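Each chain is listed here by its residues.
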Amino acid sequence: FTPNFGYGKLWAGKDTTWAMATVSLKAHDANKFDFNLEELSGDQAKALAGWYKHFTTKYRTVGTLKELRGRDFGSVERLAAELPASSMTTG
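Residues numbered from 1 in each chain as written. Predicted model: local features only at pLDDT ≥ 70, side-chain atom pairs only at ≥ 80, totals over all residues. Heavy atoms only, no water.

**Things to note about helix α4 (residues 74-82)**
What sets the pattern is the α-helix's 3.6 residues per turn: residues three or four places apart point alike.
Right, so step 1: The set of residues buried in α4 consists of Gly74, Val76 and Ala80. The buried residues of α4 occupy an angular sector of 160° when the element is viewed end-on, so they sit on one face. Residues of α4 that are exposed and point more than 90 degrees away from the buried face comprise Arg78 and Glu82.
Right, so step 2: Looking at the buried side of α4, the elements it contacts are α3 (42-58). (Buried < 20%, exposed > 50% of the residue type's maximum accessible area, 1.4 Å probe, protein only. Helix = DSSP H or I, 4+ residues; strand = E, 2+ residues; numbered from the N terminus. Arc of directions from axis to C-beta. Contact = heavy atoms within 4.5 Å.)

What follows is the structure in structure tokens.
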């Protein structure tokens, strides 16, 4: 990770929930909060669950964005639990 370069430039200090679900590298998809998890397609939900599993396996949670407080991510957590261990977490 390098701040102000590559994905660090796109996502550093921003929420990437929507971008990860939609596999988007577009700057306007970071910090997008006007969506519902129910709107995600099956593939998008699986993509988000995969990223959730990757990051929660690799890093500890240190907080929750105030914009996401009260949202139920239980469906993402349950789907992530069903996924195999990520090959991205090795090394």
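From this point, the narrative continues.
**As for the nonpolar core**
Right, so step 1: Within the largest apolar cluster, 17 residues are counted, with the highest numbers of intra-cluster contacts made by Trp11, Leu37, Leu40, Leu48, Ala49, Phe73 and Val76.
Right, so step 2: Where this core is concerned, the elements lending two or more residues are α1 (6-11), α2 (17-22), α3 and α4.
Right, so step 3: Take this core: its biggest share by element is four residues, from α2.
Right, so step 4: Ignoring anything within four residues of it in the chain, the contact list for Val76 reads Leu37, Leu48, Ala49 and Tyr52. (Core = buried A, V, L, I, M, F, W, Y, C linked by side-chain atoms within 4.5 Å.)

**What to know about α3**
Right, so step 1: For α3, with 17 residues, the first-to-last C-alpha span of 24 Å sits near the 24 Å given by 1.5 Å per residue.
Right, so step 2: If you check which residues of α3 are buried, you get Ala47, Leu48, Ala49, Lys53 and His54.
Right, so step 3: Buried-residue contacts for α3 involve α2 and α4. (Expected span 1.5 Å × (residues − 1).)

**Description of the packing of aromatic side chains**
Right, so step 1: This model, assessed by the stated rule, comprises three aromatic pairs.
Right, so step 2: An angle of 20° between the planes, with centres 5.6 Å apart, marks the rings of Trp51 and Phe55 as stacked. Of this pair, Trp51 and Phe55 both sit in helix α3, four residues apart, roughly one helical turn.
Right, so step 3: With a relative accessible area of 28%, Trp51 lands in the partly exposed category. (Phe/Tyr/Trp six-rings, centres within 6.5 Å; stacked < 30°, edge-to-face > 60°.)

In short, geometric facts, not functional conclusions.
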